[in-house]
Amino acid sequence: MRSEKLHFALQACEEGGVDFDDVAALLMATDEDGGAIRAGAEEVLLRYCGSKVRFRGLVEFSNVCRCDCFYCGIRAGNREVQRYTLGREEIVEAALWCAEQGYGSVVLQSGERRDEEFIRLTESCVREIKERSRSARLPRGVGITLCVGEQTRETYARFFAAGAHRYLLRIETTSPELFAKIHPPRQSLESRIQCLRDLRETGFQVGTGVMIGLPGQTAADLARDILFFREMDMDMIGMGPFIAHRQTPLGKQIKDDPEGKRRILDLSLRMIAVTRLVLRDVNIAATTALQAMHPLGREMGLRHGANVIMPQATPVRVRRNYQPYEGKPCMDESVTQCRGCLVERIKGLGRELSADDWGDSAHAICRINRKI
Ligand code: SAM
């Protein structure tokens, strides 16, 4: 039996007038009410975005990072990681393989660097991938999303001019207190928000997201995160559970707690569902971190309103060195195995793969059309 509060919150989503209390009520609803929230999110997904799942081949091209985020396994301060940066040819080949597979889009992700050598490498890879991936199937070339952290406006403009058209930069949390607890003082929430604005003004379709289950994070924090996504008019959302990494300051403080992990997985799925209900037409990723929590985590994400999956396309020889959190799945499977496995999983859900398509969010398409 639905509670009255839940009933009004779902109605507010339907009418597009959701406020903080509604979002908090949806996030905190009981497991019993969780079924109605999940089903509502799936219905909204099908109505606004259709049933297709968009693939983005993920190429983690460097784990060198200038940042020292207290939660991240590839933070600069972790001396136990073997650092790598793939060469231009290897990055381009990995992306072209994705295009041949019909992925339609790739994500180039790395640790954060702002030196000219890195910027030039990224820029030249984007340019070459674009040029070489143009074909009858993909006349505009493969869609390129970048996820290489905070950069200057000028750098964003160079990346956009080279041909990247989407950019992911997670805000991690919108709570100023929590942000300050999980980052060193030289990294700031204000600077991330400014980067999101700069990206949008540069012309990118912009995505952000948060980690779920951070120590000290409350449901109210998460409710404000969702309202922030809406206020910033984001096109894409990528969220996932926080998973401890023992070689980080935050990970060292976390004790193994299977029950706690289950709660974080449930909350992550609830966040996806509620984000879908509130934002409706954005793209939402079923992130790999969900699968680190549960073997069927990504399928669960898709059933809670997600519509994007990022199959591994990073060369196996370096994949183990790119672990922001522990237990990252798909470490040894070849890129072909990763593809086959995901296609089967998607079919099993009665959904289909969107092939040879950039797979921009309905939200971005409407926003761009409004401007024309
Ligand atoms: N440098 C790029 C950036 O800052 O956007 C991308 C690399 S960074 C490793 C990608 C994301 O990994 C982060 O935005 C963060 O949300 C996630 N991440 C890092 N450590 C994590 C952890 N312990 N658990 C879950 N996600 C984590």
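In this report, we go over the structure that sits alongside the text. The structure presented is a predicted model; accordingly, all values stated were derived computationally and were not measured.

## Considering the nonpolar core
- By size, the foremost hydrophobic cluster in this structure holds 109 residues, and its most contacted members are Val 23, Leu 26, Phe 61, Leu 108, Ile 144, Tyr 167 and Ile 226.
- Per-element accounting of this core gives the leading share, 10 residues, to helix H11 (residues 258-279).
- Residues within four places of Leu 108 in sequence aside, it is in contact with Val 59, Phe 61, Ile 91, Val 126, Ile 129, Ile 144, Thr 145, Leu 146, Cys 147 and Val 148.

## Comments concerning the packing of aromatic side chains
- Tallied over the entire structure, the rule returns six aromatic pairs.
- Ring geometry for Tyr 156 against Tyr 167: centres 5.0 Å apart, planes inclined by 75°, an arrangement best described as edge-to-face. With a gap of 11 residues between them, Tyr 156 in helix H6 (residues 153-162) and Tyr 167 in strand S5 (residues 166-168) connect regions that are remote in the sequence. As far as the burial class goes, Tyr 156 and Tyr 167 line up, both buried.
- Lying over the aromatic face of Trp 358, Arg 140 brings its terminal NZ or CZ to 3.5 Å of the ring centre.

## Notes on the environment of Leu 146
- Counting through the fold element by element, Leu 146 comes out in strand S4 (residues 143-147).
- Residues Leu 146 and Gln 109, 37 residues apart in the sequence, show an inter-C-alpha distance of 6.1 Å.
- Residue contacts for Leu 146: discarding those within four places in its chain leaves Leu 108, Thr 122, Val 126, Phe 159, Ala 164, Arg 166, Tyr 167 and Leu 168.

## What to know about the site of the ligand
- Around the ligand sit 18 residues in total, of which Tyr 71, Ser 110, Arg 170, Glu 172 and Ile 243 are the nearest.
- Here a nitrogen atom of the ligand and a backbone polar atom of Ser 110 are 2.9 Å apart.
- With respect to the ligand, the side chain of Arg 170 contributes an N or O atom lying 2.8 Å from an oxygen atom.
- In the complex, 93% of the free accessible area of the ligand, which totals 560 Å², lies under the protein chains.
- Taken together, the residues of the shell around the ligand break down into 11 nonpolar, four polar and three charged.

## Observations concerning the packing of helix H9 (residues 219-231) against H11
- Two numbers describe how H9 lies on H11: the axes approach to 10 Å, and their chain directions differ by 35°. The crossing of H9 and H11 is right-handed. Residue-level contacts link Leu 222, Asp 225, Ile 226, Phe 229 and Arg 230 of H9 to Leu 267, Met 271, Val 274, Thr 275, Val 278 and Leu 279 of H11.
- Here the contact of H9 with H11 is composed, by residue class, of eight nonpolar, one polar and two charged.

## Describing the packing of helix H2 (residues 20-28) against H9
- Two elements in contact, H2 and H9, have axes separated by 9 Å at closest approach and are oriented at 125°. Compared by their axis directions, H2 and H9 come out oblique. Both H2 and H9 take part in a crossing whose hand is right-handed. Between H2 and H9, the residues in contact are Phe 20, Val 23, Ala 24, Leu 27 and Met 28 and Ala 219, Ala 220, Leu 222, Ala 223, Arg 224, Ile 226 and Leu 227, respectively.
- Classifying every residue of the contact of H2 with H9 by side-chain character gives 11 nonpolar, no polar and one charged.

What counts, and at which threshold
- Residues numbered from 1 in each chain as written.
- Predicted model: local features only at pLDDT ≥ 70, side-chain atom pairs only at ≥ 80, totals over all residues.
- Heavy atoms only, no water.
- Core = buried A, V, L, I, M, F, W, Y, C linked by side-chain atoms within 4.5 Å.
- Buried < 20%, exposed > 50% of the residue type's maximum accessible area, 1.4 Å probe, protein only.
- Helix = DSSP H or I, 4+ residues; strand = E, 2+ residues; numbered from the N terminus.
- Contact = heavy atoms within 4.5 Å.
- Phe/Tyr/Trp six-rings, centres within 6.5 Å; stacked < 30°, edge-to-face > 60°.
- Lys NZ or Arg CZ within 6 Å of the ring centre and 35° of its normal.
- Near = heavy atom within 4 Å.
- Polar contact = N/O pair within 3.5 Å; in protein donor to acceptor, adjacent residues only side chain to side chain.
- Areas by Shrake-Rupley, 256 points an atom, 1.4 Å probe, with all protein chains shown as cover.
- Nonpolar A, V, L, I, M, F, W, Y, C, P; charged D, E, K, R; others polar.
- Axes fitted to C-alpha atoms, helices over the stretch in contact; angles between N-to-C directions.
- Left-handed = near helix turned anticlockwise from the far one by under 90°.
- Parallel < 35°, antiparallel > 145°, perpendicular 65-115°, else oblique.

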